[in-house]
Amino acid sequence: MNRTVRRVATSYALLLPSLLGVGCFLLLPIGVVLWLSLHSWNLLGPMRFTGPANWRSVLGDRQFGHSLLVTLALTVLVVPAQTALGFGVAALLARRGRGSAVLRVVYALPWMCAPVAVGVVWQWIFAPTGGALNALLGRRIEWLSDTALALPAVAMVIVWMNVGYVALFFVAGIRAIPAEILDAGALDGATGWRRVRWLILPLLRPTMFFVLATGVLSVFQTFDTVYALTRGGPGHHTDVVAMRMYSEAFDAARPGRAAVMAVVVFAVMFVITLAQHRYFRDRTSYEY
């Protein structure tokens with residue numbers, strides 16, 4: 001065995017654990033979902049092959065289309081808000097001062113908490129009678145029962161949970177900017193907002209892409225918080241796609257339809273992420 005063959009064999013042997021992980025925990029589940037989408041099953045009896053019947057049923061389901069629109073609306077509410085607030089918090093935390101490390105941990109605590117526990121706490125805060133928020137405002141507001149307020153209330157909780165997480169990435173990005181670039185910009189008059197607009201934000205585009213892409217994916221996978229707060233109500237106004245898939249798979253005992261929904265959601269997330277990648281690809285430099 002010559003040196004080239006040994007080198008290739010060694011490389012694949014070192015990659016084998018990662019390849020097994022990708023195969024078992026990524027490719028295999030995708031294959032199972034695609035296979036399940038072609039079958040009818042009630043979780044108890046035998047499976048029955050139905051071909052594209054589940055696909056026709058789901059793609060013509062207005063309730064599933066409504067869930068997609070609700071999720072897109074939640075994404076529009078959450079992602080810009082948590083990105084802007086996260087950057088603002090990062091601008092303060094990036095300053096190397098006494099207690100800055102403690103503040104970073106404090107801001108990240110909501111993201112580290114269990115989503116169901118956070119949902120239960122905020123359900124008490126939003127309670128119309130005896131709730132902390134209504135007591136503070138001095139008036140009764142049906143935050144989670146009003147169809148106009150339920151989705152913004154859920155979005156506010158998700159933003160509150162994720163701001164610290166987003167801020168940590170922006171802090172790392174800001175601190176990675178060479179001081180020479182910022183000093184040169186200051187000599188040219190780039191101070192205050194000009195410094196942020198023309199120096200910091202352009203150099204943070206790799207971080208911005210990561211934050212936006214993972215933010216969209218996170219919202220599309222949101223389930224625990226919505227389940228604890230509203231369970232999809234009132235009147236399906238917070239019925240996100242993850243709730244719809246859960247309801248189809250376990251409440252209605254139709255995992256085949258839920259599998260089709262999962263594939264559709266995967267396609268939507270792929271298209272959105274690809275669009276973000278193409279937008280940032282020609283506008284991003286990974287070298288300072």
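Asker: Looking at this structure, how should I read the side chain of asparagine 54?
Answerer: Examined against the element boundaries, asparagine 54 turns out to sit in helix H2 (residues 53-59). Residue asparagine 54 is classed as buried on the basis of its relative accessible area of 10%. Setting aside chain neighbours within four positions, we find asparagine 54 in contact with Leu36, Ser37, Leu38, His39, Ser40, Gly256, Arg257 and Val260.

Asker: In this structure, what is going on with unusual backbone geometry? I would like to understand it.
Answerer: Excluding glycine, residues mostly have negative phi values, and the peptide bonds linking residues are mostly trans. Following glycine 233, the chain continues into proline 234 via a peptide bond in cis, with omega recorded as -5°. When you line up the elements, proline 234 lands in the loop between helix H11 (224-229) and helix H12 (241-251). Non-glycine residue leucine 43 carries a positive phi angle of around 75°. Relative to the helices and strands, leucine 43 resides in the loop between strand S1 (39-40) and strand S2 (48-49). Backbone geometry places histidine 236, a non-glycine residue, at a positive phi of 65°. Tracing the backbone shows histidine 236 in the loop between H11 and H12.

Asker: How do you make sense of a nonpolar patch on the surface when you look at a structure like this?
Answerer: Together, Val102, Val105, Val106, Leu109, Trp111 and Met112 make up an exposed nonpolar region whose accessible area comes to about 570 Å². Among the secondary structure elements, tryptophan 111 is positioned in helix H4 (residues 100-112). Residue classification places tryptophan 111 among the partly exposed residues on the basis of a relative accessible area of 42%.

Asker: Is there a simple way to explain the packing of helix H3 (residues 62-93) against helix H13 (residues 255-281) in this structure?
Answerer: For any two helices packed against each other, the geometry comes down to the angle between their axes and how far apart the axes lie. As a packed pair, H3 and H13 sit with axes 12 Å apart at the nearest point and diverge in direction by 35°. Along this stretch, H3 crosses H13, giving a crossing that reads as right-handed. Listed contacts from H13 to Phe64, Leu68 and Leu72 of H3 are Met261, Val264, Val265 and Ile272. Across the contact of H3 with H13, the residue classes break down as 7 nonpolar, no polar and no charged.

Asker: Honestly, the layout of surface pockets in this entry has me stumped. Any pointers?
Answerer: In this approach a probe as big as a water molecule rolls over the atoms, and the regions it shows empty are the leftover space. By volume, the largest pocket is sized at about 550 Å³. Along the walls of the largest pocket sit 21 residues, with Val33, Met245, Ala258, Ala262 and Val263 positioned nearest its centre. Only helix H1 (3-36), H12 and H13 provide two or more residues apiece to the lining of the largest pocket. Examining the composition of the lining of the largest pocket, we find that 8 residues originate from one element, H13, more than from any other. Taken together, the residues that form the lining of the largest pocket break down as 20 nonpolar, 1 polar and no charged.

Asker: Sorry, what's going on with the packing of H3 against helix H7 (residues 150-176) here?
Answerer: For the pair H3 and H7, interaxial distance at closest approach is 6 Å and the crossing angle is 40°. The angle between H3 and H7 places the two elements in the oblique class. Here H3 and H7 pass one another in a crossing that is right-handed.

Asker: Explain the environment of tyrosine 165 here, please?
Answerer: By the secondary structure assignment, tyrosine 165 is in helix H7. Sequence separation between tyrosine 165 and tryptophan 111 is 54 residues; the distance between their C-alpha atoms is 6.3 Å. Those residues in contact with tyrosine 165 that sit more than four places away from it in its chain are Trp111, Phe210 and Thr214.

Asker: Is there a simple way to explain the nonpolar core in this structure?
Answerer: When a protein is soluble and globular, its nonpolar side chains tend to lie buried together. Membership of the largest hydrophobic core comes to 62 residues, with the highest contact counts inside it found for Phe64, Leu74, Phe126, Phe170, Ile200 and Val265. Broken down by secondary-structure element, the contributors of at least two residues to this core are H3, helix H5 (115-125), H7, helix H9 (193-203), helix H10 (205-220), H11, H12 and H13. Counting residues per element, this core draws most heavily on H7, which supplies 14 residues. Excluding residues that lie within four positions of it along the chain, phenylalanine 170 makes contacts with Thr83, Gly86, Phe87, Ala90, Leu204, Thr207, Met208 and Val211.

Asker: Sorry if this is basic, but what is going on with the packing of aromatic side chains here?
Answerer: How two aromatic rings sit relative to each other is set out by the distance from centre to centre and by the angle between their planes. In total, this model carries 13 aromatic pairs according to the counting rule given. Judged by centre distance (5.7 Å) and plane angle (55°), the rings of phenylalanine 209 and phenylalanine 280 are tilted. A residue pair is termed long-range when its members are at least 10 positions apart, and phenylalanine 209 in helix H10 and phenylalanine 280 in helix H13 qualify at 71 residues. Between phenylalanine 223 and tyrosine 246, the ring centres sit 5.0 Å apart and the planes meet at 45°, which makes this aromatic pair tilted. One end of the pair, phenylalanine 223, is in the loop between H10 and H11; the other, tyrosine 246, is in helix H12, and 23 residues separate them in sequence. You can call tyrosine 246 partly exposed: its relative accessible area is 28%. One aromatic cluster is present, built from ring pairs that chain together Trp111, Tyr165, Phe169 and Phe210. For arginine 197, the ring lying beneath its charged end belongs to tryptophan 198, and the centroid distance is 4.3 Å. In this structure, arginine 231 is placed above the aromatic ring of tyrosine 227, and the distance from its NZ or CZ to the ring centre is 4.6 Å.

Calculation criteria
Sequence order sets the numbering: in each chain, residues are counted from 1 along the sequence as written. Local features are withheld for residues below a pLDDT of 70 in this predicted model, meaning they are given only at 70 or higher, and side-chain atom pairs are given and counted only at 80 or more; totals for whole chains, interfaces and linings count all residues. Water and hydrogen atoms play no part in the side-chain values, which are based on all heavy atoms of the structure. Secondary structure is summarised from DSSP: a helix means a run of H or I of at least four residues, a strand means a run of E of at least two, and numbering begins at the N terminus for each. Remark: exposure states derive from per-residue accessible area (1.4 Å probe, protein chains only) relative to the maximum for the residue type, with buried under 20%, exposed over 50%, and partly exposed in between. In what follows, residue pairs with any heavy atoms lying within 4.5 Å of each other are defined as contacts. A patch consists of residues whose relative accessible area exceeds 30% and which take part in no salt bridge; residues with like charges are grouped when within 9 Å of each other, and nonpolar side chains (Val, Leu, Ile, Met, Phe, Trp, Tyr) when within 5 Å. A 1.4 Å probe and the Shrake-Rupley method give the accessible areas. Residues count as covered only by the protein chains that appear here. Salt-bridge detection follows one rule: a side-chain nitrogen of Lys or Arg within 4 Å of a carboxyl oxygen of Asp or Glu. Note on definitions: angles span 0 to 180 degrees between N-to-C directions of axes, and those axes are lines fitted to C-alpha atoms, for helices only across the stretch in contact. Handedness of a helix crossing follows the sense of rotation of the near helix relative to the far helix, less than a right angle counterclockwise being left-handed and clockwise being right-handed. For this scheme, ten residues count as nonpolar: Ala, Val, Leu, Ile, Met, Phe, Trp, Tyr, Cys and Pro. Four count as charged, namely Asp, Glu, Lys and Arg, and the remainder, Gly too, count as polar. Buried and open spaces are told apart on a 1 Å grid over the protein atoms alone, a cavity being a set of points where a 1.4 Å probe fits but cannot get out and a pocket being an open set with protein on both sides within 12 Å along at least five of seven lines. Residues with an atom within 4 Å of a point are the lining residues. Grid points are joined across faces, edges and corners, and a volume is the space filled by probe spheres set on the points. Oblique is the label for any angle not under 35 degrees, not over 145, and not in the 65 to 115 range, which are roughly parallel, roughly antiparallel and roughly perpendicular in turn. Here, the term nonpolar core denotes a set of buried Ala, Val, Leu, Ile, Met, Phe, Trp, Tyr and Cys residues that are joined through side-chain atoms within 4.5 Å. Stacked, tilted and edge-to-face are the three classes applied to pairs of Phe, Tyr and Trp rings, where Trp contributes its six-membered ring and a pair requires centres within 6.5 Å; stacked means planes under 30 degrees apart, edge-to-face means over 60, and tilted covers the rest. Here, a charge over a ring is recorded when the distance from Lys NZ or Arg CZ to the ring centre is within 6 Å and its angle to the ring normal is within 35 degrees.

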